[in-house]
Amino acid sequence: MTRRTAPMSNAPSGGRPRGLPRAPRPAATPDRTLHMIGNAHLDPVWLWPWQEGYQEARATFWSAIHRMDEYPDFVFTCDQVVLLSWVEESDPELFARIREKVAEGRWVMVGGWWVEPDCNMPSGESFARQGLYGQRYLKEKFGVTATVGMNVDPFGHNAMLPAILRGQGMDSYCFLRPGPHESELPGTMFWWEAPDGSRVLAYRIPFEYCSPPGEVAGQTEKALGQLDRSLGDLMVFYGVGNHGGGPTKANIDSIHRYDQMGTFGELTMSSPRRYFDEMTKRLGEQGLAELAVWRDDLQHHAAGCYSAHSGVKAWQRRAQAAVLSAERWAAIAGHDARADLERAWKQVLFNQFHDVLPGSAIEPAYDDARDQLGEAVAISKRIITRAHNVIARDVRVPQQDGTQPVIVFNPHPWPVSTRVEMQYGLAPNGVHVVDADGADVPCQRTQSVATTDDKGRGATVFQADLPPLGYRLYRLRQGPAAHAHGTLSASPHHLENDVLRLEIDPVTGWLSSLLDKRTGVDLVAGAAGEHTQICEDPTDTWGHRVVSYDWPGEAMATTGIVLREEGPLRARIRVERAWGRSTMAEEFILGAGDDDAVEVRVTLDWREQAHLMKLRFPVAVQSPVATYEIPFGHLTRPIDGAEEPAQSWVDLSGVVGGRPAGLAVVNNAKHGYDVSPPSPGRSHSIGITAVRSPVYSWHDPRLLDPDGYYSYQDQGTQRFTYLLVPHAGDWRAAALTRRAALLGSPVRAMLESFHDGPLPASRGYLDDGGGQVMVTAVKLHEDTPGDLVVRAVETTGRAVQATLDVPLAGVRLTADFGPCQIRTFRIPLADPLAAVETDLVELTVRKGAFTVEAW
């Protein structure tokens, strides 16, 4: 008897053939279109080294090509340009296939950045370079650039990203975190507006950016449960991810099946660009205008990542500063170092990846990060040294017997007055310092870095007053200086100059007084609370679900206070502390005269496991406001003890005794902060998470095996520096961003010989005036090394007209800047009066009003 078979029912399972028509769907199908975004999130480093990510990029991209060959409607969305560069150099056949699919419009480029970086801790210039190298690579290799930004996996997003994205040609942004349980974002799609007024259309990916390898029903149902259904049409991301993989046959077959069934609505293979375009058309001007506007950063997720692995954060800060300095000096010296700088920048950018810089990768990944960032620094130092020597050889240095010429180079485009530490030889009786005209320069002997029987070796520290982005000639003369002590006084428990007086409590080792003589305000007198705060930290590496690290803790015990250095130029008190097996030394340094900040050099030898330490700065202010530096900008945040990401400084301003006053803390290595309200026994305070020591790559909720053996982060010695900057209540007047830049990128002094030359004893090459508008980049153009690129940003949140003097090009630029506005100028050195404004990618001329005149 022959068994008859009936047509297959409209069911999610069974041997349904491929290629069935998409329509008609049941009349009961929900009236919406789900744009199914096939992608393959690939962490090039995480629980595996980058070498494994390198191979997986090739495997994943071949899989995507094969799916395209099998399914004519399949569309693949790709970000992270570094993965494409790896494929280009390792598999030319695959790279050629990708080019074909890009030309067909089925391989869609998004993101436009070299990697998916951490989106809080890199500098503003680093975000600019993510797009510079990413977008230009896409343009060169594929003839396209990304118009949709995409960072699906980072743990938060700084508030200036809309301005950066728009400056790189992107008008929209896809992200996942923070999730609905972590923030009060207005919905699935909204306008995200930067402090400068730039906007992108933002879309928070529902549920997850990747999926299991089987059918997509679970992914789609959970996504719909988190989506704002009032939008109607929505994006659902699918594809195996993290270790790559991408969309599977089962994924794609199930999309076709559920589309025909009408279960969720119409399901269509799509891309973020198509979705944003169709939504823009459907909503129209009025609908778009009615979308909510978010004017803040996108936080919080994984707050422990702001402080995990102190090493990689310090290496990154150092490398970023080094490459920026190398760019400037190469431009001044006329060296086309673009290839070397690109190699250095790409090492920096790669190690900003969201599982490297946040400290969440496996331990061996940080051996690679150290080496790669070290390569970036080494390349930069070679470029800087070459440029300095090329400049120095042309400086006229008349011979003067008994002197050693020294040229000090300032990498910052504003005048800098700073103390310079200099090692020397062949001077057993010490040295003193004079300028090019022979006038005495404040100086004093300090401890040499060399411990040797050579009596001629020594070190001096002297005051250098330097032109903007330039150099100045000094000389060391044998014999000690004959300077009087002047107004600087010191003892083991106090330091005082014309501007500040600080007193250290002999028991706590912390400040009992910080008097600003300009205002008569003591910023810490009467402020209660310990400076160090150590607590057990059982949180995982990421700090999942942590809101604050302002936990009750124990203070380190003060074990010694000594006046280490006293002289006419500076004085130094060393405070030593201990707790458990760990020690910390803080050296408080105050300069003579009008030095208005206290420099504190920290050496921390940390030996605790699963513990953290806050450095806390109690401040005697009432009605305070807390301001944090972010990339290319700043934000005011609540005073609630929340763990917050920031760049180099945090400020707390209010009133003391009815008078406006504030204290800023600037540092060169840390990114995790809080500003906490008063509590019993404690005043308002700024906190820096100086060290956390979780297990490497410990992802809660996995429990640690009590019998297991684990490696803990941040064991051993680390060094960093912070500044205490009192002011009269307006942080804008304290030049905090410039202080941070100088702290992170000190001036460089080099010994020189006697010779003739066409250059004077002092010269500056570019001056931003030292005001609200700060030049952040000086470089040669990526395509035309005969053109100079100068980028500047308004730093106070207030509109202003600024003048940039560019004697290097012989011109002066005058331009209006809106609050926090970023502007980039391209100046042809052969015809500098033909200067134009360009975008952040240096590809498109922007229509911006400014004037240019001969300097």
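Calculation notes
- Residues numbered from 1 in each chain as written.
- Predicted model: local features only at pLDDT ≥ 70, side-chain atom pairs only at ≥ 80, totals over all residues.
- Heavy atoms only, no water.
- Helix = DSSP H or I, 4+ residues; strand = E, 2+ residues; numbered from the N terminus.
- Rg over C-alpha atoms; globule rule 2.2 N^0.38 Å.
- Buried < 20%, exposed > 50% of the residue type's maximum accessible area, 1.4 Å probe, protein only.
- Contact = heavy atoms within 4.5 Å.
- Lys, Arg positive; Asp, Glu negative; His and termini not counted.
- Charge placed at Lys NZ, Arg CZ, Asp CG, Glu CD.
- Pairing = 2+ DSSP bridges.
- Axes fitted to C-alpha atoms, helices over the stretch in contact; angles between N-to-C directions.
- Parallel < 35°, antiparallel > 145°, perpendicular 65-115°, else oblique.
- Left-handed = near helix turned anticlockwise from the far one by under 90°.
- Nonpolar A, V, L, I, M, F, W, Y, C, P; charged D, E, K, R; others polar.
- Core = buried A, V, L, I, M, F, W, Y, C linked by side-chain atoms within 4.5 Å.
- Salt bridge = Lys/Arg side-chain N within 4 Å of Asp/Glu carboxyl O.
- Expected span 1.5 Å × (residues − 1).
- Phe/Tyr/Trp six-rings, centres within 6.5 Å; stacked < 30°, edge-to-face > 60°.
- Disulfide = S-S within 2.5 Å.
- Polar contact = N/O pair within 3.5 Å; in protein donor to acceptor, adjacent residues only side chain to side chain.

## A look at the overall build of the protein chain
Right, so step 1: In terms of regular secondary structure, the protein chain is built from 12 helices and 46 strands.
Right, so step 2: In terms of overall dimensions, the protein chain is globule-like: its C-alpha atoms have a radius of gyration of 29 Å, near the 29 Å expected for 855 residues.
Right, so step 3: Across its three principal directions, the C-alpha atoms of the protein chain cover 115 × 65 × 55 Å.
Right, so step 4: By the burial criterion, 61% of the 855 residues in the protein chain qualify as buried.
Right, so step 5: Considering only residue pairs separated by 6 or more positions, the protein chain has 72% of its internal contacts joining residues 24 or more positions apart.
Right, so step 6: The distance from the centre of the 84 positive side-chain charges to the centre of the 106 negative ones in the protein chain is 3 Å.

## Focus: the sheet that holds strand E41 (residues 800–806)
Right, so step 1: Here we have 3 strands laid out as an open sheet, ordered E41-E42-E46, and antiparallel in their pairing. Each end of this open sheet is capped by a strand with a single partner; those strands are E41 and strand E46 (850–854). The sheet shows a mean angle of 15 degrees between the axes of neighbouring strands, taken without regard to direction.
Right, so step 2: Two strands pair when backbone bridges link them, and strand E42 (residues 811–817) and E46 are joined in this way by 5 bridges, in the antiparallel orientation. Within the sheet, the bridge partner assigned to leucine 813 lies in E46 and is valine 852.

## What to know about the packing of helix H1 (residues 50–70) against helix H3 (residues 92–104)
Right, so step 1: Their axes nearest at 10 Å, the elements H1 and H3 cross at an angle of 45 degrees. Taken as axis vectors, H1 and H3 run oblique relative to one another. Note on packing geometry: the crossing formed by H1 with H3 is left-handed. Taking contact as the criterion, the partners of Arg58, Phe61, Trp62, Ile65, Met68 and Asp69 in H1 are, on H3, Glu93, Leu94, Arg97, Ile98 and Lys101.
Right, so step 2: Grouping the amino acids of the contact of H1 with H3 by side-chain chemistry returns 6 nonpolar, no polar and 5 charged.

## As for the nonpolar core
Right, so step 1: Core analysis: the biggest nonpolar cluster contains 165 residues, and Phe61, Leu84, Ile98 and Trp107 have the highest contact counts within it.
Right, so step 2: Membership of the second largest hydrophobic core comes to 51 residues, among which are Leu488, Phe588, Val665 and Ile686.

## Considerations on the packing of H3 against helix H4 (residues 124–142)
Right, so step 1: Contact geometry for H3 and H4: axes closest at 11 Å, N-to-C directions at 90 degrees. Looking at the two axes, H3 sits roughly perpendicular to H4. Here Phe95, Ile98, Arg99 and Val102 of H3 lie close against H4, whose contacting residues are Tyr137, Lys141 and Phe142.
Right, so step 2: Of the residues belonging to the contact of H3 with H4, the class tally is 5 nonpolar, no polar and 2 charged.

## Quick look at the side chain of lysine 670
Right, so step 1: Mapping lysine 670 onto the fold places it in the loop between strand E33 (659–667) and strand E34 (672–676).
Right, so step 2: Of the side chains with opposite charge, aspartate 714 comes closest to the buried, unpaired lysine 670, at an N-O distance of 5.5 Å.
Right, so step 3: Every residue in contact with lysine 670, bar those within four places of it in the chain, is listed here: Ser310, Arg317, Ala646, Gln647, Ile688, Thr689, Ala690, Gln718 and Phe720.

## Remarks on the pattern of salt bridges
Right, so step 1: Summed over all chains, the structure comprises 67 salt bridges.
Right, so step 2: The closest approach of N and O atoms between arginine 25 and glutamate 266, which form a salt bridge, is 4.0 Å. Here the residue arginine 25 occupies a position in the segment before strand E1 (33–39), and glutamate 266 occupies one in strand E9 (residues 266–269), the gap between them amounting to 241 residues.
Right, so step 3: Judged by relative accessible area, which is 25%, arginine 25 ranks as partly exposed.
Right, so step 4: Where aspartate 768 meets arginine 738, a salt bridge forms, and the shortest distance between an N and an O atom there is 3.0 Å. Here arginine 738 lies in helix H12 (residues 736–744) and aspartate 768 lies in the loop between strand E38 (762–764) and strand E39 (773–780), a separation of 30 residues in the sequence. Summarising the burial analysis for this pair, aspartate 768 and arginine 738 share the class buried.
Right, so step 5: Overlapping salt bridges bring together Arg419, Glu421, Arg564, Glu565, Arg570, Arg572, Arg574, Glu576, Glu587, Asp595, Glu599 and Arg601 as one network.

## Some remarks on the sheet that holds strand E18 (residues 489–491)
Right, so step 1: Across the sheet, which stays open at both edges, the 5 strands sit in the order E18-E19-E20-E21-E22 with antiparallel pairing between neighbours. Each end of this open sheet is capped by a strand with a single partner; those strands are E18 and strand E22 (521–522).
Right, so step 2: In the sheet, E18 pairs with strand E19 (residues 494–496) via 3 bridges, with the strands oriented antiparallel. Bridging from a neighbouring strand, serine 491 pairs with histidine 494 of E19.

## Digging into unusual backbone geometry
Right, so step 1: Cis geometry marks the peptide bond from glutamine 299 to histidine 300; its omega dihedral reads 0 degrees.
Right, so step 2: Within the secondary structure layout, histidine 300 lies in the loop between strand E10 (293–294) and helix H9 (310–333).
Right, so step 3: Residue histidine 309 is not a glycine yet carries a positive backbone phi of 55 degrees.
Right, so step 4: Summarising the element assignment, histidine 309 is placed in the loop between E10 and H9.
Right, so step 5: Judged by relative accessible area, histidine 309 falls into the buried class, the value being 6%.
Right, so step 6: Non-glycine residue leucine 426 carries a positive phi angle of around 60 degrees.
Right, so step 7: Following the sequence through the fold, leucine 426 ends up in the loop between strand E12 (416–424) and strand E13 (431–435).

## A closer look at helix H10 (residues 338–350)
Since the α-helix packs 3.6 residues into each turn, any two residues three or four apart lie on the same face.
Right, so step 1: Over its 13 residues, H10 extends 18 Å from the first C-alpha to the last, a length consistent with the 18 Å expected when each residue adds 1.5 Å.
Right, so step 2: For H10, the full list of buried residues reads Leu341, Ala344, Trp345, Lys346, Gln347, Val348, Leu349 and Phe350.

## Considerations on the environment of proline 364
Right, so step 1: Positionally, proline 364 belongs in helix H11 (residues 363–392).
Right, so step 2: Proline 364 gets classed as partly exposed once you look at its relative accessible area, which sits at 46%.

## Some remarks on the packing of aromatic side chains
Right, so step 1: Using the criterion set out here, one finds 30 aromatic pairs in the structure.
Right, so step 2: Taking 5.1 Å as the distance between ring centres and 85 degrees as the angle between the ring planes, the aromatic pair formed by phenylalanine 61 and tryptophan 107 counts as edge-to-face. Residue phenylalanine 61 is located in helix H1, and its partner tryptophan 107 is located in strand E3 (residues 107–109); the two are separated by 46 residues in the primary sequence.
Right, so step 3: For phenylalanine 61, a relative accessible area of 3% gives the class buried.
Right, so step 4: Accessibility expressed as a relative area gives 2% for tryptophan 107, which makes it buried.

## A closer look at the pairing of strand E21 (residues 511–516)
For a regular strand, the rule is simple: side chains alternate between the two faces of the sheet.
Right, so step 1: Where strand E20 (residues 500–504) lies against E21, 5 bridges are found, and the strand directions are antiparallel. When the bridges of E21 are listed, leucine 502 appears paired with leucine 514.
Right, so step 2: Where E20 hands over to E21, the hairpin turn is made up of 6 residues, of which glycine 509 adopts a positive phi near 75 degrees.
Right, so step 3: Linkage of E21 to E22, two consecutive antiparallel strands, is achieved through a turn of 4 residues, within which glycine 520 is found at a positive phi near 75 degrees.

## Observations concerning the state of the cysteines
Right, so step 1: Per the counting criterion, the structure on display carries 0 disulfides.
Right, so step 2: Not part of a disulfide, cysteine 174 finds its nearest cysteine sulfur in cysteine 119, a span of 13 Å.
Right, so step 3: Look at cysteine 174 and you get buried, because its relative accessible area is 0%.
Right, so step 4: There is no disulfide at cysteine 820, and the cysteine sulfur nearest it, in cysteine 119, is 18 Å away.

## Points about the environment of histidine 354
Right, so step 1: You can see histidine 354 is positioned in the loop between H10 and H11.
Right, so step 2: The exposure class of histidine 354 is buried, given its relative accessible area of 0%.
Right, so step 3: In sequence terms histidine 354 and alanine 642 are 288 residues apart; their C-alpha atoms lie 21 Å from each other.
Right, so step 4: Discounting chain neighbours no more than four positions away, the residues touching histidine 354 are His41, Asp43, Glu116, Pro117, Asp118, Asp153, Pro154, Phe155 and Ser360.
Right, so step 5: In this structure the side chain of histidine 354 is engaged in a polar contact, spanning 3.2 Å, whose partner is the side chain of aspartate 43.

## Re the environment of histidine 684
Right, so step 1: Relative to the helices and strands, histidine 684 resides in the loop between E34 and strand E35 (685–692).
Right, so step 2: Residue class for histidine 684 comes out buried when judged on its relative accessible area of 13%.
Right, so step 3: Sequence separation between histidine 684 and threonine 519 is 165 residues, and the spatial gap between their C-alpha atoms is 20 Å.
Right, so step 4: Apart from the residues lying within four places of it in its own chain, the contact partners of histidine 684 are Phe617, Pro618, Val619, Val621, Pro624, Ile639, Leu652, Ser676, Pro677 and Pro678.
Right, so step 5: One polar contact links the side chain of histidine 684 to the main-chain carbonyl oxygen of valine 621, over a distance of 3.4 Å.

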